[in-house]
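Remarks on the overall topology
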Amino acid sequence: MAPPRALDEFVTEANEILESLAKDLFVLDQERGREPDPERLNAIFRAAHSLKGLSAMFGVDRVSRLAHRAEDVLDALRLGRVPLDDRLVDTLIETLDMLQALLARVSQGTHAPDLEVGADHLQERLAQLARGQADAGVDLLDQVGIDPQMRSVFTEYEEHRLRENVKKGVGLWKVRAVYSLADFDQQLAALNARLKPLGEVVSTLPSSQPGDESSIAFDLVFGSSRARGEIEAVLDGATLSPLTSRPAPTEVTPRPGPALVFDSSSSNAPRPATKWDDVSGSGVALPEPTSASGLRLSPDTSLRSLTQTVRVDIGRLDALMNSIGELLLIRSNINRLAEAARQVGTGVALPKLWGQELQREARALERKLDELQKGVLDVRMVPLGQVFDKLTRLMRRLVRESGKDVDFEVSGGDVELDKLIVEELSDPLMHLLRNSLDHGIEPPEVRRLHHKPQRGKIRLKARQQGNQVLIEVGDDGGGMDETRIRQVAVQRGLATEEQTREMSRRDLLNLVFLPGFSTRADVSELSGRGVGLDVVKTNLARLSGLIDIDSRRGDGTTFTLTLPLTLAIIRALMVGVSGRTYAVPLSSVMEIVSIRHADLRTVERREVFEVRGQTLPFVRLARVFKLAEAQRERSFVVLIGLAQQRIGLAVDELLGQEDIVTKPLGGRLRAIPGVSGATELGDRRAVLVLDVGALMEELTRPAAAAG
Amino acid sequence: MSRFAELLDRFFYRPDEDVGAFLELAPEVDTGPEVAPEEVPEEFLAFQLGDETYAVPIATVREILKVGDVTEVPRGAPNVIGLINVRGEMLPLYDVKVRLKLADAAPVVRSRADVARGARIVLIRDPEGDAGVLVDRVHGVVKLALSRLESAPNLGLERDAVAGLGRKDGNLYILIDLEQALS
């Protein structure tokens, strides 16, 4: 296998190929039944071809072999030798998913024995498709579709025996047995003896998928007229799979091959088509929405990209180069000025002209640095479409499985956001969309009853607004049931009945974001959401994002996510506390008020204050950080809000705003609560950047008696 | 060695081929306290902490800095003095005196004014993340032969951060195990 660095490059490039392949296949999928655009077919063919070449070059055989088979099919398709039917499109999409899953494993550097069988099976199906229906049936063995790799090792006699078995109409099976090196001979003999009464062991081959170092694997080709269950009963640990992929459908279980491997993951049976989802990296592994166990089960289940790479338009790099060229020019000017100043000598006043010139250069420097900063930020920007495309593909599949009639509308894919944010967004968005589909859109009968168009609608919209990006996930479903929310909230002890009565509708809806709200099964009765939404909120809070709900009974629900354009450079409010300086990300600062300490009240011995009729916790940052507190009559209170919560952070001084680049704290200090990193100011002093999300969480937790 | 090779080795191992026992009897093997003539002494950076002289392998030292501004880290570990900005990199500054029982509490250092004139920050390379260690004075590089190092005497004190003792020209150098000292 290639060295890690080269492998990285491979993954990046293969990923790009797969993405373009996915786009084209998606169009093909949408235009089912129509004459495919020859250009598109060519593009797909080329993508498969490049992937084959690329993976062969890097020694990633698994991917290369599968891509090769796909290429064969596509070539035949391109030349009009095979028709483009549903089965072909489905197989190609499945191949794409498999390739993505394999690539994900490659990028993690792990082997994928669990995917092997599926990949083999897929290869075989592709091979068949490539051969086309017309010439199928020339050879009986071709007809039943035995893995050509396996066939190539059969002796003439074995092939003859196989043919005989096929003629008899007997089921052909592949028995995979893995035995320890110590006693495999006895084990194998025993297995043969057990199988014999049931049929004929045609051949015993060393498996093409070897076991681990201490064991050895065999593939037994076995012909038997018995039912699957009967054979399986005598296997004792060995696994059974059909050898043939095209026998009469009644003979074999509906999902041959991969069924064995995925049985555990697809036990929620009513969605048979999900069989690849759990491994394809497409993120649908949340088995049932009610589990709410978190968005990130494992890296496998995420829609995130496999690589950290950003593709950059050369124009943007040129702009950066330009800025740097101009900066160099300014540098030489400043050097000249410095030289002039040096020659004037000490004690002599510098000419006024010199000062003016220096000032001009300083201004130019500032402008150019701004440009450079903007340029670098631009490079980090990627279109949201990258994530939207994946979500679209996923939604089509989910819609098909759900059996609901739903239109999925996407717009604003060209809006650009920092790469980091786009990556982090994929999981929360997926969760919200899934929620819309599962709980938002009513079943067709209900919709008809309410005189709504039978076809539901789910929207995913993005637009830029100043320094923020708004993303909407909306549906025209049943909306949320306030009464139910109120009940659940009271039941769970998240709010008292009193409180819920006084809450505005918006506050009430926002209760679904509270952690304890959604963890139980009966939440799904709530005609709407509340499933794992706290996780969505937390994920967004990490991106300094806000989430808001708008829901109308009967008309549907819309979630609006507000996100900053970039995380790399942020504007921060600098505050002084007991002589220390801290930076508070401005994106989470709602407003600043001045509060007289005499106006403070306490609720359950915690200090609170009032702003425009709203009572908020008053948290002294000095106390949180255990610093000496100065006696004072007034404090500035920085109102910070993240997602749904608000608190007032009391500080001594306000020191203005700065653009800061947050740097992570050295590896050893990672776990400082309430601090997300540090930044350097003009005087090179390190200033800590507050982690508003963590602080809020800490301070609003019941146990934290911070006030 | 791959796991497989290891398995093979174990499989083919024959006790009668093992020469380990004979090596000890072989005359040219030097097991005495004498330094083998070809031994190249290792270089250590020696510095002062309190009244004692300590040393760390020079390879683990990234650089030596003067004390500049130190940013206090609220609610940090007790041995963290603060955060220093090393050319844009934010690194923790540690106190090891408490760990070595040379002081009762980490000093409060916020700028150069809070330390003695000779005080320096020894920047340590560490896979867990580089870190600064505040020392009272840096002495310089000292060469110590590894084979001559003594293990730390048992003084009834819990000083597990001491890796050993080295002696040269009448000076005693205490080698610190930084892993332990910073934990």
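All of these numbers come straight from a predicted model, not from anything done at the bench.

Let's shift gears to the overall build of chain B. Tallying secondary structure elements over chain B gives 3 helices and 10 strands in all. Going through the 183 residues of chain B one by one, you find that 29% of them count as buried. Intrachain contacts of chain B at a sequence separation of at least 6 include 57% that bridge at least 24 residues.

Turning our attention to the overall build of chain A. For chain A, the count of helices and strands is 22 helices and 22 strands. Considering chain A as a whole, with its 707 residues, one finds that 37% of them fall into the buried category. A separation of at least 24 residues holds for 67% of the contacts in chain A among residues at least 6 apart in sequence.

Taken residue by residue, the interface counts 22 residues in chain B and 20 residues in chain A. Sorting the residues of the side of chain B that touches chain A by element identifies α1 (3-12), β4 (80-86) and β5 (89-94) of chain B as the ones contributing at least two each. Per element, the largest residue contribution to the side of chain B that touches chain A is 4 residues, and it comes from β4 of chain B. The residue makeup of the side of chain B that touches chain A, split by class, is 11 nonpolar, 5 polar and 6 charged.

On to the confidence of the model for chain A. Residue and element names in this part refer to chain A. Of all residues in chain A, 81% attain a pLDDT of 70 or more, and the chain-wide mean is 76. Per-element confidence in chain A ranges from a low mean pLDDT of 36 for helix α11 (residues 258-262) to a high of 91 for strand β13 (residues 580-585). Taken as a whole, residues 519-531 scores under 50 in pLDDT and shows 36 contacts with residues more than four places along the chain or in a different chain. Below pLDDT 50 for its whole length, residues 703-707 participates in 12 contacts with residues either more than four positions away or in separate chains.

This part covers the packing of helix α3 (residues 61-78) of chain A against helix α5 (residues 113-131) of chain A. Residue and element names in this part refer to chain A. Where α3 contacts α5, the axes come no closer than 8 Å and their chain directions differ by 20°. Taken as axis vectors, α3 and α5 run roughly parallel relative to one another. With respect to the hand of their crossing, α3 and α5 are arranged in left-handed fashion. Residues R62, R65, L66, R69, A70, D72, V73 and A76 of α3 lie in contact with α5, whose contacting residues are A119, L122, Q123, L126, A127, L129 and A130. For the contact of α3 with α5, the residue count by class is 10 nonpolar, 1 polar and 4 charged.

All names here are of chain A. The first and last C-alpha atoms of helix α15 (residues 419-440) sit 30 Å apart over 22 residues, in line with the 32 Å expected at 1.5 Å per residue. The sharpest bend along α15 comes to roughly 35°, located at L425, with the proline P428 sitting one to four residues further on. In terms of burial, α15 is largely enclosed, as 19 of its 22 residues are buried.

A word on the sheet that holds β4 of chain B. Residues and elements named next belong to chain B. One open sheet holds the 5 strands; their spatial order is β3-β6-β7-β5-β4, and the pairing between them is mixed. Lying at the two open borders of the sheet, with one neighbouring strand each, are β3 (61-66) and β4. Each neighbouring strand pair of the sheet contributes to a mean axis angle of 30°, computed without reference to strand direction. Across 5 bridges, strand β6 (residues 120-124) lies against strand β7 (residues 131-135) in antiparallel orientation. Bridge assignment links I124 to a residue of β7, and that residue is A131.

Moving on: the pairing of strand β2 (residues 52-57) of chain B. Remark: a regular strand shows side chains that alternate across the two faces of the sheet. All names here are of chain B. In terms of strand pairing, strand β1 (residues 42-49) meets β2 through 6 bridges, oriented antiparallel. Residue A46 lies in a different strand from β2, and its bridge partner there is A55. Hairpin connection from β1 to β2: 2 residues lie between these consecutive antiparallel strands, with G50 at a positive phi of about 60°. Across 2 bridges, β2 lies against strand β10 (residues 171-176) in parallel orientation. The residue bridging Y54 from the neighbouring strand is I174, located in β10.

Nonpolar side chains tend to gather and get buried jointly when the protein is soluble and globular. Residue and element names in this part refer to chain A. Counting 130 residues, the largest nonpolar core has L433 and V584 as the members making the most contacts within it. In terms of residue count, the dominant contributor to this core is α15 (8 residues). If sequence neighbours within four positions are ignored, V584 has contacts with A572, L573, V575, V589, V638, I640, L690 and V692. Counting residues in hydrophobic clusters, the runner-up holds 38 residues, among them A14, A48, L103 and A119.

What follows concerns the sheet that holds strand β1 (residues 171-180) of chain A. All names here are of chain A. In space, the 4 strands of this open sheet follow the order β2-β3-β1-β4, with antiparallel pairing throughout. Each edge of the open sheet carries a strand with a single partner, namely β2 (199-206) and β4 (239-242). Strand after strand, the sheet turns through a mean of 25° between neighbouring axes, direction not considered. Two elements, β2 and strand β3 (residues 215-224), share 7 bridges in a ladder whose sense is antiparallel. If you follow T204 over to β3, its bridge partner there is L220.

This part is about the packing of α3 of chain A against helix α4 (residues 86-108) of chain A. Residues and elements named next belong to chain A. Contact geometry for α3 and α4: axes closest at 10 Å, N-to-C directions at 160°. The angle between the axes of α3 and α4 places the two elements in the roughly antiparallel class. In the crossing of α3 with α4, the sense of the turn from one axis to the other is left-handed. Along its contact with α3, which presents R62, V63, L66, A67, A70 and L77, the element α4 presents L88, L92, T95, M98, L99, L102 and L103.

What follows is about unusual backbone geometry. For R605 of chain A, which is not a glycine, the phi torsion comes out positive at approximately 65°. Classification of R605 of chain A as exposed rests on a count of 7 C-beta atoms within 10 Å. Although it is not a glycine, D169 of chain B sits at a positive phi angle of roughly 50°. Position of D169 of chain B relative to the elements: it lies in the loop between β9 (162-168) and β10.

Another aspect to go through is the pairing of β9 of chain B. Residues and elements named next belong to chain B. In the sheet, β9 pairs with β10 via 6 bridges, with the strands oriented antiparallel. When the sheet's bridge partners are listed, R167 is paired in β10 with L172. Hairpin connection of β9 to β10: 2 residues between the antiparallel strands, including D169 at a positive phi of 50°.

What follows concerns the environment of V73 of chain B. Within the secondary structure layout, V73 of chain B lies in the loop between β3 and β4. For V73 of chain B and L83 of chain B, which are 10 residues apart along the polypeptide, the C-alpha to C-alpha distance reads 6.6 Å. Beyond its immediate stretch of four places on either side in the chain, V73 of chain B contacts L669 and I672 of chain A together with V80, G82 and L83 of chain B.

Parameters at a glance
Per-chain numbering applies: the sequence of each chain, read as written, is numbered from 1 onward. Chains carry letters from A onward and ligands carry numbers from 1 onward, assigned in written order. Whole-chain, interface and lining totals are the exception, using all residues; otherwise, since this is a predicted model, local features are given only for residues with pLDDT of at least 70 and side-chain atom pairs are given and counted only at 80 or more. Put simply, DSSP H or I for four residues or longer makes a helix, DSSP E for two residues or longer makes a strand, and each gets a number counted from the N terminus. Every C-beta atom is placed from the backbone, and the number of other C-beta atoms within 10 Å of a residue's own sets its class: buried at 20 or more, exposed at 12 or fewer, partly exposed in between. Contact definition: two residues whose C-beta atoms, as placed from backbone geometry, lie within 7 Å. When residues are grouped by polarity, Ala, Val, Leu, Ile, Met, Phe, Trp, Tyr, Cys and Pro land in nonpolar, Asp, Glu, Lys and Arg in charged, and all others, Gly among them, in polar. Residue-level confidence of the predictor is what pLDDT reports, using numbers from 0 through 100. Note on method: axes are straight lines fitted to C-alpha atoms, helices fitted across the in-contact stretch only, with angles between N-to-C directions ranging 0 to 180 degrees. Here the word oblique covers every angle except those under 35 degrees (roughly parallel), over 145 (roughly antiparallel) and from 65 to 115 (roughly perpendicular). Here a crossing is taken to be left-handed if its near helix is turned anticlockwise relative to the far helix by less than a right angle, and right-handed if that turn runs clockwise. A helix is expected to reach a length of 1.5 Å times the quantity of its residues less one. We define the bend at each residue as the angle formed by axes fitted to the 7 residues ending at it and the 7 residues starting at it. In short, DSSP must find at least two bridges between two strands for them to pair. Structurally, a nonpolar core is described as a collection of buried Ala, Val, Leu, Ile, Met, Phe, Trp, Tyr and Cys residues joined by way of C-beta atoms within 7 Å.

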